[in-house]
Amino acid sequence: MTLDYTDAHALLGGPPPAWSSRRIAALRIQRGWTQEELAEYSGLSVRTIRNLELGRVQNPRRSSVDLLVSALGVAEGPRGGGERPDQPPWRGVPAPTSALMGSPSFHQQLVQTVRTNRLTTFLGPGGVGKTRMALSVAAEVGHFFRDGVEVVELGDLPAERDTGTEQTAAVLQRVHRQLGRGRTADRPAGDGADLHLLLVLDNAEHLPAGAMAAVRELHAGFPGLHVLVTARRRLTERIGANREIQPLPLDAAAGEPAAASPAVALFLRHVGPDCPAAAELEKDLPLVAELCRRLGGLPRYIEFAAECLRAIPIRLMLSYGPTPEMLWSNDHALLRHQRSVSDSILWSVELLSADHRLLLERIAALPSRRFVLDEITAEYDRLGRGSAPNPLTLVSDLLDTSLLLPDPAHHYHYRLAPFVADVVRRLRSAPTTPGPGA
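Residues numbered from 1 in each chain as written. Predicted model: local features only at pLDDT ≥ 70, side-chain atom pairs only at ≥ 80, totals over all residues. Heavy atoms only, no water.

An unreviewed UniProt entry lists the protein chain under the name Helix-turn-helix domain-containing protein, with Kitasatospora cinereorecta as the source organism.

Enquirer: Explanation requested: the pairing of strand 9 (residues 413-416) in the structure shown.
Expert: Within a regular strand, side chains alternate between the sheet's two faces. Bridging between strand 7 (residues 370-372) and strand 9 involves three bridges; their strand directions are antiparallel. Across the sheet, V372 pairs through a bridge with H413, a residue of strand 9. As judged from the three bridges shared by strand 8 (residues 404-406) and strand 9, these two strands associate in the antiparallel manner. Each residue of the ladder has a partner; that of L405, found in strand 9, is R415. (Pairing = 2+ DSSP bridges. Helix = DSSP H or I, 4+ residues; strand = E, 2+ residues; numbered from the N terminus.)

Enquirer: Would you take a moment to explain unusual backbone geometry for this structure?
Expert: Most peptide bonds are trans, and most residues other than glycine sit at a negative phi. The omega torsion of the bond from G321 to P322 falls at 5°, within 30 degrees of zero and hence cis. Take P322: it is sitting in the loop between helix 15 (314-319) and helix 16 (341-350). One non-glycine residue with positive phi stands out, namely Y412, at about 65°. Along the chain, Y412 falls in the loop between strand 8 and strand 9. Phi at F419 is positive, roughly 75°, even though this residue is not glycine. With respect to the secondary-structure elements, F419 resides in the loop between strand 9 and helix 20 (420-429). Given the relative accessible area of 9%, F419 is considered buried. (Buried < 20%, exposed > 50% of the residue type's maximum accessible area, 1.4 Å probe, protein only.)

Enquirer: In this structure, what is going on with the pattern of salt bridges? I would like to understand it.
Expert: Counting across every chain of the model gives 16 salt bridges. The closest approach of N and O atoms between E290 and R294, which form a salt bridge, is 2.8 Å. With E290 and R294 both in helix 13 (residues 285-294) and four residues apart, the pair spans about one turn of that helix. According to the relative accessible area criterion, E290 is partly exposed, its value standing at 24%. Close ionic contact of D407 with R370 constitutes a salt bridge, the shortest N to O distance being 3.1 Å. (Salt bridge = Lys/Arg side-chain N within 4 Å of Asp/Glu carboxyl O.)

Enquirer: Help me out: how do you make sense of helix 14 (residues 299-308) in this one?
Expert: Because an α-helix completes one turn every 3.6 residues, residues spaced three or four positions apart along the sequence face the same direction. Within helix 14, nine of the ten residues are buried, which leaves the element mostly enclosed by the surrounding structure. Residues P299, R300, Y301, I302, E303, F304, A305, A306 and C308 constitute the buried set of helix 14. In the core, the buried residues of helix 14 are packed alongside helix 7 (130-141), helix 11 (262-271), helix 13, helix 15 and helix 16. (Contact = heavy atoms within 4.5 Å.)

Enquirer: I tried to follow the packing of helix 11 against helix 14 on my own but got confused; where do I start?
Expert: Between two packed helices, both the angle of their axes relative to each other and the distance between the axes serve to describe the pair. One way to put it is that helix 11 packs onto helix 14 with a least axis distance of 9 Å and a crossing angle of 40°. In terms of orientation, helix 11 lies oblique with respect to helix 14. Crossing geometry of helix 11 relative to helix 14 is assigned as right-handed. Counting all contacts with helix 11, which are made through A263, L266, F267, H270 and V271, the residues of helix 14 involved are P299, I302, E303, A305, A306 and E307. Split into classes, the residues belonging to the contact of helix 11 with helix 14 amount to eight nonpolar, one polar and two charged. (Axes fitted to C-alpha atoms, helices over the stretch in contact; angles between N-to-C directions. Parallel < 35°, antiparallel > 145°, perpendicular 65-115°, else oblique. Left-handed = near helix turned anticlockwise from the far one by under 90°. Nonpolar A, V, L, I, M, F, W, Y, C, P; charged D, E, K, R; others polar.)

Enquirer: It is not clear to me how the confidence of the model for the protein chain should be interpreted in this structure. Could you clarify?
Expert: Close inspection of predicted coordinates is inappropriate for parts of the model with low pLDDT. In the predicted model, the protein chain carries a mean pLDDT of 82, and the fraction of residues at 70 or more is 84%. Across residues 1-19, confidence stays below pLDDT 50; counting only partners more than four residues off in sequence or on other chains, it has 65 contacts. Scored below 50 in pLDDT, residues 433-438 makes 13 contacts in the model with residues more than four places away or belonging to other chains. (pLDDT = per-residue confidence, 0-100.)

Enquirer: What is the right way to read the sheet that holds strand 3 (residues 149-153) from this model?
Expert: Think of a sheet as strands paired side by side through backbone hydrogen bonds, with each pair either parallel or antiparallel. Taking strand neighbours across the sheet as the criterion, the six strands line up as 1-3-4-5-2-6 in an open arrangement whose pairing is parallel. Here the strands that pair on one side only, and so sit at the sheet edges, are strand 1 (90-91) and strand 6 (241-244). Two strands pair when backbone bridges link them, and strand 2 (residues 119-123) and strand 6 are joined in this way by four bridges, in the parallel orientation. Looking across to strand 6, one finds that T121 is bridged to N242. Helix 9 (residues 168-179) rests against strand 1, strand 3 and strand 4 (197-202) of the sheet, and its axis sits at about 140° to strand 3.

Enquirer: Looking at this structure, I do not really get helix 18 (residues 373-383). What am I missing?
Expert: Within the sequence span of helix 18, burial applies to I376, T377, E379 and Y380. Considered in projection along helix 18, the buried side chains sweep an arc of 155° and stay on one side of the axis. Projecting away from the buried face of helix 18 at angles above 90 degrees are the exposed residues D374, D381 and R382. Just past helix 18, the residue G384 takes up positive phi, approximately 90°. (Arc of directions from axis to C-beta.)

Below, the structure is given as structure tokens:
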């Protein structure tokens, strides 16, 4: 006998169905237990615990859920599907129902950060999963906000550099329209004093001044408002908290099989058991691991590669790439700059100044993938700097956009993020590529 999906989540004390695997992991982490300890206390196998937390089992047996409820000390809640009566409203893009990506402990750290800061920004390169993580965290903390969660998409607004304005009014207009409460940020603060809400502003990297001005105005008008922003670069260092969202780990924990690697697990989950290649991939996990390594552990890149597998065998994908041209999606629910690796990188590049793009081109032309700053200054001296600023003053900005990455094994060694060199070289030969908001 199996337990209804929503019923299982009610028993685990979370709103169905979005808090599936991450609810189990969160409760385990809160108690400071390993998967092995939860298995020992519940009587389930470690493999069952792992599969539940990875989201591989979405319709568990009633007996398994009863054992988890007993071990985790969670009181049973109301049975049956549907939203709980006390569940606060959620407006905008819904929370993800897929399994939690990355470390459950880091997820809980982000939950605490959002709860305790009126402004939190999730930072990271395109495709790292900032939006998914923001929505996941918002689902976790939503019940702390009486008026719920509002998710506002900013990625389709024109960039500030294209309009010559801060875009504050455009951001506020979109927020006000979605709130739908008859309140506006220009009313006296007392009018919004009773609003207790989490506002998620998604994809704000191209509106740095406008987004921050809008946040300041909203905070002044609504004292109970918390804001969570996603962006590819830092928007402010002065207020709130910045948290870096990292790519998925490429290696499994010690003693775990290769399939337990977060990057490999995401790839296999996105391929799905019904794909004709699924059985072959289970036998070729080293190839999957190598593919995930070449993709830098970036979740969206991994999902693109899994979609590509419908037409191209993984061995050929590795023999000829993967290349940016292979990695794209026909999913029109995504914004234009999210539908392919090339468009994602171009979106970040077009946000740079001409001097930053020149530096990026010269880095892409270096013979080695990894370099030190002496090589860059020597290249500028060889070609002549002209009126360009000292490249050493620009490096930190490229690091901030995650187009340039530090080498964790060697201090002051750097490399370009995956596929950036390919896209920059192509951009140099076709300089008319449209920019953000086009």
